[in-house]
Amino acid sequence: MEEDLFKALADPTRRLILDELTERDGQSLFEVCARLATRHGLTVSRQAVSQHLAVLESAGLVTARREGRYKFHDLDTRPLEHIVTRWLTPAPPEDTP
């Protein structure tokens, strides 16, 4: 799972998508594309953004929910908590003779 998480975070476009979902959760694919174009000057196809969202979803950073014919994307930061605590939490002392 950590490998998927680091892969997802490695791409700058995916990080921008996460930034946009942080600012406004529950966006449709159309909304994400529009925000990337207007706020960041990225002209990425809907298909490419959909693929980026799929990578983020497989890493557990985004959850998708359907309402009628629309699919909304929500940010889930729980996978990041493990990464943060991995290096920021002191390791227990080793038993040395």
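Residues numbered from 1 in each chain as written. Predicted model: local features only at pLDDT ≥ 70, side-chain atom pairs only at ≥ 80, totals over all residues. Heavy atoms only, no water.

## Quick word on the packing of helix H2 (residues 12–23) against helix H3 (residues 29–40)
Moving on, step 1. At a closest axis distance of 10 Å, the pairing of H2 and H3 adopts a crossing angle of 105 degrees. Compared by their axis directions, H2 and H3 come out roughly perpendicular. In contact with Leu16, Ile17, Glu20 and Glu23 of H2, H3 contributes Val32, Arg35, Leu36, Arg39 and His40.
Moving on, step 2. Each residue belonging to the contact of H2 with H3 can be placed in one class, and the counts come to four nonpolar, one polar and four charged. (Axes fitted to C-alpha atoms, helices over the stretch in contact; angles between N-to-C directions. Helix = DSSP H or I, 4+ residues; strand = E, 2+ residues; numbered from the N terminus. Parallel < 35°, antiparallel > 145°, perpendicular 65-115°, else oblique. Contact = heavy atoms within 4.5 Å. Nonpolar A, V, L, I, M, F, W, Y, C, P; charged D, E, K, R; others polar.)

## As for the sheet that holds strand S1 (residues 27–28)
Moving on, step 1. The three strands are arranged S1-S3-S2 in an open sheet whose pairing can be described as antiparallel. If you trace the sheet from one side to the other, it starts and ends with S1 and strand S2 (62–67), each paired once.
Moving on, step 2. In this structure, S1 lies alongside strand S3 (residues 70–75), joined through two bridges in antiparallel fashion. If you follow glutamine 27 over to S3, its bridge partner there is histidine 73.
Moving on, step 3. Sheet strands touched by H2: S1, S2 and S3. Its angle to S3, the strand with the most contacts, is close to 90 degrees.
Moving on, step 4. In this fold helix H4 (residues 46–58) packs onto S2 and S3, with an angle of close to 115 degrees to the strand it touches most, S2. (Pairing = 2+ DSSP bridges.)

Read these as layout, nothing more, since geometry by itself doesn't imply function.
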